[in-house]
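# Secondary and tertiary structure notes
The chain contents come next:
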Amino acid sequence: MTQEPYASAKRVFWIVDNGSSHRGQAAIDRLAKRFPNTVMVHTPVHASWLNQVEIYFSAIQRKVLTPNDFTSLDQVEDRLTAFEQRYNATARPFRWKFTQADLEDLLARIERHEQKEPSPQHPPSCDHQPAALSLAA
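Residues numbered from 1 in each chain as written. Predicted model: local features only at pLDDT ≥ 70, side-chain atom pairs only at ≥ 80, totals over all residues. Heavy atoms only, no water.

On to the pairing of strand β2 (residues 38-42), then. Sheet topology places strand β1 (residues 12-16) next to β2; five bridges connect them, and they run parallel. Residue pairing for β2: I15 is matched across the bridge by V41. Each parallel crossover has a hand, and for β1 linked through helix α1 (residues 25-34) to β2 it is right-handed. (Pairing = 2+ DSSP bridges. Helix = DSSP H or I, 4+ residues; strand = E, 2+ residues; numbered from the N terminus. Right-handed = clockwise from strand over helix to strand, strands pointing away.)

Here it is in structure tokens:
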């Protein structure tokens, strides 16, 4: 945040998950006090798109940064730039195969399954006693 282009930017959006170290107003205030041009944005609690970002960074770690045999930051930048260009040239949009009908079917099966299971308030009746109780009787 102290280096360009961040230091002179009007706003820098700092996107974070809901981890305990950066959750809540105190974290937002702490960041704003240290870097007034930052805006902390929390992802939704169950942010599936964040998982996709993590997968992308995992691919970069495996395919670009390992092994860590760089002799300069320029080499790191060159390799990352080459990966980005190759990735953007070959990437294709993901086509979801899980349809609305699939979702409705899954929810119906879950509902049927839950109806078959006894609820925690009404466990199935059993006619045996734990071993410790049967010995005491």
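Read on, since the account is not over.
Glancing now at the pattern of salt bridges. Evaluated as defined, the whole model comprises two salt bridges. A salt bridge links D69 to R79; the nearest nitrogen and oxygen atoms lie 3.4 Å apart. Of this pair, D69 sits in the loop between α2 (48-65) and α3 (73-90) while R79 sits in helix α3, and the two are 10 residues apart along the sequence. Looking at D69, the relative accessible area reads 44%, which means it is partly exposed. In this structure, the salt-bridge partner of D105 is R109, at a minimum N-O distance of 3.2 Å. Taken as a pair, D105 and R109 lie in helix α4 (residues 100-116) at a separation of four residues, close to a single helical turn. (Salt bridge = Lys/Arg side-chain N within 4 Å of Asp/Glu carboxyl O. Buried < 20%, exposed > 50% of the residue type's maximum accessible area, 1.4 Å probe, protein only.)

Attention now moves to unusual backbone geometry. With omega at 5 degrees, the peptide bond leading from E4 into P5 counts as cis. Looking at the secondary structure, you find P5 in the segment before β1. Cis rather than trans, the peptide bond between T66 and P67 has omega equal to 0 degrees. With respect to the helices and strands, the residue P67 is situated in the loop between α2 and α3.

Shape is all these values report; function is a separate question.
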